[in-house]
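Observations on the three-dimensional arrangement
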Amino acid sequence: MPFVSQVCVGRREEVSVFGGDYETEDGTGVRDYIHVVDLARGHKDAIEKLEGGKVGCEAVNLGTGKGFSVLDLINGMGEATGKPVPYTVVGRRPGDVASCYCDPTKAEELLGWKAEKGLKDCCDDSWRWQVNNPEGYGEYVEEEKVLKSEN
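Residues numbered from 1 in each chain as written. Predicted model: local features only at pLDDT ≥ 70, side-chain atom pairs only at ≥ 80, totals over all residues. Heavy atoms only, no water.

Focus on the UniProt feature "domain: NAD(P)-binding" (unreviewed entry) in the chain
Filter applied, for reference: UniProt positions are given in the numbering used here, feature names are shortened, and annotations may be inferred rather than shown by experiment. We count a stretch as a helix when DSSP gives it H or I for four or more residues in a row; a strand needs E for two or more, and each element gets its number in order from the N terminus.
When the UniProt feature table is mapped to this numbering, "domain: NAD(P)-binding" (unreviewed entry) covers residues 2-124. Between the end C-alpha atoms of residues 2-124 there is a gap of 13 Å, over a span that is 39% helix and 11% strand.

Observations concerning the nonpolar core
Applied cut-off: We define a nonpolar core as any set of buried Ala, Val, Leu, Ile, Met, Phe, Trp, Tyr and Cys residues linked to one another through side-chain atoms lying within 4.5 Å. Each residue is assigned to one of three classes by its accessible area relative to the maximum for its type, calculated with a 1.4 Å probe on protein chains only: buried under 20%, partly exposed between the two thresholds, exposed over 50%. Residues are treated as being in contact if the distance between any of their heavy atoms lies within 4.5 Å.
Core analysis: the largest hydrophobic core is formed by 14 residues, its most contacted members being Val4, Cys8, Val15, Leu73, Ile74, Met77 and Val85. Counting residues per element, the ones that place at least two in this core are helix 1 (2-8), strand 1 (15-18), helix 3 (70-81) and helix 5 (119-132). It is helix 3 that provides the largest number of residues to this core, a total of four residues. Look past the residues within four positions of Cys8 in its chain and what remains in contact with it is Met77, Thr81, Val85 and Trp127.

Regarding the sheet that holds strand 2 (residues 30-31)
We count it as follows: If DSSP finds at least two bridges between two strands, the strands pair.
Taken together, the three strands give an open sheet; going across it, the order is 3-2-5, and neighbouring strands pair in mixed fashion. At either margin of the open sheet sits one strand with a lone partner, and together these are strand 3 (68-69) and strand 5 (99-100).

Description of the side chain of Gln6
Considering the arrangement of structural elements, one finds Gln6 in helix 1. Not counting residues up to four positions away in its chain, the partners in contact with Gln6 are Arg11, Arg12 and Gln130.

Remarks on helix 3
Think of an α-helix as turning once every 3.6 residues; residues three or four places apart then point the same way. Put simply, the rule is: Helices are assigned an expected span. That span is 1.5 Å times one less than the residue count.
A rise of 1.5 Å per residue sets the reference length of helix 3, with its twelve residues, at 16 Å; its end C-alpha atoms lie 17 Å apart and thus fit the reference within 8%. Among all positions of helix 3, only Leu71, Leu73, Ile74, Gly76, Met77, Gly78 and Thr81 are buried. In the core, the buried residues of helix 3 are packed alongside helix 1, strand 1, strand 3, strand 4 (87-90) and helix 5.

With respect to the environment of Lys66
Structurally, the position occupied by Lys66 is in the loop between helix 2 (36-51) and strand 3. In sequence terms Lys66 and Arg31 are 35 residues apart; their C-alpha atoms lie 8.0 Å from each other. Ignoring anything within four residues of it in the chain, the contact list for Lys66 reads Arg31, Asp32 and Tyr101.

What follows is the structure, encoded as structure tokens:
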């Protein structure tokens, strides 16, 4: 998502899509893109359960339980911005799998948590943030300038 957003504001020329020949609907990798607000809520709910002594320390997957392809994400950002997002399909990265998304059942049962936002929300909110922060976070921008000047 950050790389796609950076392309949308002109900080990067295009998105590199790693692999277009997976056994998925459009050939690109499928992932569980979760909205940052849902992720934060899940962590808050987990901390509250821990502090209340209602659960012990356990691993719980937070996600939507639905997979979206990389092209779904790119096209969603295109809809959010009103412009197509330039991308190039390049070779697969070693170790990448075709599809990977979580089963959030345990999060709902144990924490009462469920993702509420979808891919459209992720794209719309990411675009709104990026428009208001075209250079990203201030400290990262300064670090990025230093790194570029050293090279």
